[in-house]
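Chain by chain, the residues run as shown.
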Amino acid sequence: MRNYQYREFIHTFPHFPQIRFLLYLCLSLAIVSCGDDASEENVPDKGDKIELYASLKDYLPNTDFLIGVGMGTDLYMGDELYSLVVDENFNSMTFENAMKQGCVVDKDGKYHFDAIDNVLEKLPDNFTIYGHNLIWHAQQAADYLNGLLVGKIEFDDTNRKNLLQNGTFDEGIQNWIKFNGPEGCVTWASDKGLDGGGCLQVVNVENLDAEWKVQVYSDLLQKVIKDKTLYISFYIRTEADTEGSVRLSTGIEKDSGNENYQSSETVGSKWKRVDWAFTASGNVKGIKIDLGKKSGIYLIDNIIVSLEPPTNLTVEKTDEEKAQIVSDAMESWIKSMIGHYKGRIKMWEVLNEPISDNLEIRGVESVPDEVNSDNFFYGKYLGKEYAIKAFKWAKEADPTALLFINDYNLEYNEAKCDKLLEFVNYIEEGGAIVDGIGTQMHIDISLDKQKIVKMFEKLKATGKLIRISELDIKVKTPFPSEQILKIQAEMYRYVIRKYLEIIPENQQAGITFWLLSDNSKEHQYWIPNDAPCLFDASYNRKIAYKGVCDGLQGRDISLDFD
């Protein structure tokens, strides 16, 4: 029987510590009396008063106080003991990674909310969710964002000899015939072409799931011998806002080899250029356009079949164009996220870690020469005004949501705290609203406690909501002694006590602990080889748990159990 199973039963009496104490002793004696079925590791320590404490949220200083945990989605969904500990102790939650842009937006710009939605469905309804985070420089959908900024490729076809007699359809569709499909499916559209002129129009009335079932064909002006390389280009779109499919194939001379088939290309309602280069597997005498896979009205123009490749020219986007693209992408991301969770998530971390350790605004006053593949700096294209834009768009998306800025090392570096507060003033002078400030507080047991006091006093003076957003306390060893664990517990108690003493109740936006336990599954990428959390690797309470509870109540709760 695990320690947590004792607590689960004992805590059915959360408001009667004397009853919990008697039950604890009875359960202990019962297990000891089990003879061979009991082992030393299963016998609880009768002197361990930590197990007599109620859940964390039973010791809140007031009923509206938020006590939260930063957690991963996989553990909460896949480990029932993990989720049980979370649900019992907290009333607030922050996704460790799942809400970051790099986890939500894929390389094609598509949004994926399932991982988040599944957790929200499982969480107790009364949990407050802190949206972490909207704008950061790391864990961004950088492939997608950088792809938007790639220069436009333009094609020069002027020097290519066209082996088609009619590829422009300016005056009709001469030399093109229906090869497969219903009568009347191939017509000329006199004014729907790429430049407003004529084009080839093909109608496929149903999804036939086979490209060849609707085909148009044209002979070439000259036969192309096997093993020659052909370069074909054309423009195509669907007339309605539907997704279509197109494939090219070759018509060959009998017994000269095999036909060539292009991979299917997706077609949308905007003109798309398609290029296909291949080595002829037979003597090519004509070209087929295959449109039978998906229904739709297809418009086709400017077809070139040539032995010469096109010349590709890359036209770089201007700084102004890049700024507009980044601005549009950022606005879409912020409004899409907040809009999707409007009503469920009422607190958002709009801007995370905007100030570097050398007191510069990231992406504006400094951009590293080498960055990780998932890094993207909005300020590089928009200047420091990107922060004003972000808060304005967040407020437009949900006027009732509380909006936060968040950073780390504010307790270690007083000048960094000052720089962040200066940046907050800049944002608000620009017409945006910053409701609150998050201090991460990734600290260790050796931190000078007076630095904590100074930071809280500076944050209090802003008059804004203040939250401890990512609290953990390193002990600098994966195997801490009992004495080190007591020092860690005292630091937890001190941080929480000072937060409650210095920050007025109407400015208190809660405390979130970063990760639940010391289990290695939670620390593959964050503080490995340490023991920074409230629960050990088996989800049992550490002495730090007592420190947190005592800090919340402002007294040694264990004295109640004497």
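Residues numbered from 1 in each chain as written. Predicted model: local features only at pLDDT ≥ 70, side-chain atom pairs only at ≥ 80, totals over all residues. Heavy atoms only, no water.

### Observations concerning the overall build of the chain
Step number 1: Regarding its fold elements, the chain presents 14 helices and 21 strands.
Step number 2: For 562 residues, the compact-globule estimate of 2.2 N^0.38 gives 24 Å, and the chain exceeds it by more than 25% at 33 Å.
Step number 3: Dimensions of the chain along its principal axes, counting C-alpha atoms only, are 100 × 65 × 40 Å.
Step number 4: Taken across its 562 residues, the chain has 51% of its residues classed as buried.
Step number 5: Residue pairs in contact within the chain that sit at least 24 positions apart in sequence constitute 77% of those at least 6 positions apart.
Step number 6: Total accessible area on the chain is roughly 25,500 Å²; 48% of this is exposed by carbon and sulfur atoms.
Step number 7: Here the chain holds 61 positive side-chain charges and 89 negative ones, and the gap between their average locations is 1 Å. (Helix = DSSP H or I, 4+ residues; strand = E, 2+ residues; numbered from the N terminus. Rg over C-alpha atoms; globule rule 2.2 N^0.38 Å. Buried < 20%, exposed > 50% of the residue type's maximum accessible area, 1.4 Å probe, protein only. Contact = heavy atoms within 4.5 Å. Areas by Shrake-Rupley, 256 points an atom, 1.4 Å probe, with all protein chains shown as cover. Lys, Arg positive; Asp, Glu negative; His and termini not counted. Charge placed at Lys NZ, Arg CZ, Asp CG, Glu CD.)

### Quick look at the sheet that holds strand β8 (residues 215-224)
Step number 1: One open sheet accounts for 5 strands, arranged β5-β8-β13-β10-β11; its pairing is antiparallel. The open sheet has two edge strands with one neighbour each: β5 (176-180) and β11 (265-267). Neighbour-to-neighbour, the strand axes of the sheet open up by a mean angle of 35°, direction not taken into account.
Step number 2: As judged from the 4 bridges shared by β5 and β8, these two strands associate in the antiparallel manner. Looking across to β8, one finds that Asn180 is bridged to Gln215. (Pairing = 2+ DSSP bridges. Axes fitted to C-alpha atoms, helices over the stretch in contact; angles between N-to-C directions.)

### Quick look at the nonpolar core
Step number 1: Core analysis: the largest hydrophobic core is formed by 112 residues, its most contacted members being Ile135, Ile334, Trp348, Ile405 and Phe513.
Step number 2: Counting residues in hydrophobic clusters, the runner-up holds 32 residues, among them Ile173, Trp176, Val186 and Ile289. (Core = buried A, V, L, I, M, F, W, Y, C linked by side-chain atoms within 4.5 Å.)

### A short note on the environment of Gln507
Step number 1: Inspection of the secondary structure assignment puts Gln507 in the loop between α13 (482-502) and β21 (508-514).
Step number 2: Among the residues examined, Gln507 registers a relative accessible area of 8% and is labelled buried.
Step number 3: Residue contacts for Gln507: discarding those within four places in its chain leaves Leu459, Lys460, Gly463, Lys464, Leu465 and Ile466.

### What about the sheet that holds strand β6 (residues 186-189)?
Step number 1: The strand order across the open sheet built from 5 strands is β6-β7-β14-β9-β12, with neighbouring strands paired in antiparallel fashion. Either end of the sheet is taken by a strand with one partner, and the two such strands are β6 and β12 (272-279). Put simply, the sheet's adjacent strands are angled 35° from each other on average, direction ignored.
Step number 2: Pairing analysis gives 8 bridges linking strand β9 (residues 229-238) to β12, with the strands arranged antiparallel. Pairing of Tyr231 across the sheet is with Ala277, part of β12.

### Some thoughts on the packing of aromatic side chains
Step number 1: The tally for this structure, following the rule as stated, stands at 18 aromatic pairs.
Step number 2: With a centroid separation of 5.8 Å and 80° between ring planes, the pair formed by Phe113 and Tyr341 is classed as edge-to-face. Here Phe113 is found in the loop between α5 (101-104) and α6 (114-122), whereas its partner Tyr341 is found in the loop between α8 (319-340) and β16 (345-352), with 228 residues between them in sequence.
Step number 3: Tyr341 gets classed as buried once you look at its relative accessible area, which sits at 3%.
Step number 4: For the cation-ring pair, Lys384 lies above Tyr426, with the distance from its terminal atom to the ring centre recorded as 4.2 Å. (Phe/Tyr/Trp six-rings, centres within 6.5 Å; stacked < 30°, edge-to-face > 60°. Lys NZ or Arg CZ within 6 Å of the ring centre and 35° of its normal.)

### Points about helix α4 (residues 80-89)
Step number 1: The buried count for α4 comes to 7 of 10 residues, which makes it a mostly enclosed element.
Step number 2: Residues Leu81, Tyr82, Ser83, Val85, Val86, Glu88 and Asn89 constitute the buried set of α4.
Step number 3: The N-cap of α4, judged by a side-chain oxygen 3.1 Å from the amide nitrogen of Leu81 a few residues on, is Asp79. (Polar contact = N/O pair within 3.5 Å; in protein donor to acceptor, adjacent residues only side chain to side chain.)

### Some details on the packing of α13 against helix α14 (residues 543-553)
Step number 1: Contact pair α13 / α14: the axes reach a minimum separation of 7 Å and the direction vectors enclose 25°. Between α13 and α14, the interaxial angle falls into the category roughly parallel. The handedness of the crossing between α13 and α14 comes out as right-handed. Note on element contacts: α14 touches α13 through Ile543, Ala544, Gly547, Val548, Asp550, Gly551, Leu552 and Gln553, opposite Glu482, Leu485, Lys486, Gln488, Ala489, Tyr492, Arg493, Ile496, Arg497 and Leu500.
Step number 2: Split into classes, the residues belonging to the contact of α13 with α14 amount to 9 nonpolar, 4 polar and 5 charged. (Parallel < 35°, antiparallel > 145°, perpendicular 65-115°, else oblique. Left-handed = near helix turned anticlockwise from the far one by under 90°. Nonpolar A, V, L, I, M, F, W, Y, C, P; charged D, E, K, R; others polar.)

### A few points about the packing of helix α12 (residues 449-461) against α13
Step number 1: Contact pair α12 / α13: the axes reach a minimum separation of 10 Å and the direction vectors enclose 25°. Between α12 and α13, the angle falls in the class roughly parallel. Between α12 and α13 lies a crossing whose hand is right-handed. Counting all contacts with α12, which are made through Lys449, Gln450, Ile452, Val453, Phe456, Glu457 and Lys460, the residues of α13 involved are Glu490, Met491, Tyr494, Val495, Lys498, Tyr499 and Ile502.
Step number 2: Counted by class, the contact of α12 with α13 contains 8 nonpolar, 1 polar and 5 charged residues.

### Considerations on the side chain of Thr73
Step number 1: The residue Thr73 is located in helix α3 (residues 73-78) in this model.
Step number 2: Not counting residues within four places of it along the chain, the set of residues in contact with Thr73 comprises Phe95, Ala98, Ala115 and Val119.

### Notes on the pattern of salt bridges
Step number 1: If you walk through the whole model with that rule in mind, you get 32 salt bridges.
Step number 2: Between Glu414 and Lys458 there is a salt bridge; the shortest N-O distance is 3.4 Å. Note that Glu414 is positioned in helix α11 (residues 414-429) and Lys458 in helix α12, a separation of 44 residues in sequence.
Step number 3: According to the relative accessible area criterion, Glu414 is partly exposed, its value standing at 38%.
Step number 4: Judged by its relative accessible area of 23%, Lys458 falls in the partly exposed class.
Step number 5: As a salt-bridge pair, Lys449 and Glu490 come within 3.4 Å of each other at their nearest N and O atoms. (Salt bridge = Lys/Arg side-chain N within 4 Å of Asp/Glu carboxyl O.)

### Description of the environment of Ile177
Step number 1: With respect to the secondary-structure elements, Ile177 resides in strand β5.
Step number 2: Separated by 40 residues in sequence, Ile177 and Tyr217 have C-alpha atoms that sit 5.4 Å apart.
Step number 3: Contacts of Ile177, omitting those with residues within four sequence positions, involve Gln215, Val216 and Tyr217.

### Some words on the confidence of the model for the chain
Step number 1: Here the chain shows a mean pLDDT of 91. Residues at 70 or above account for 91%.
Step number 2: Note on residues 1-25: pLDDT is under 50 here. Beyond four places in sequence and across chains, it has 58 contacts.
Step number 3: Scored below 50 in pLDDT, residues 27-47 makes 18 contacts in the model with residues more than four places away or belonging to other chains. (pLDDT = per-residue confidence, 0-100.)

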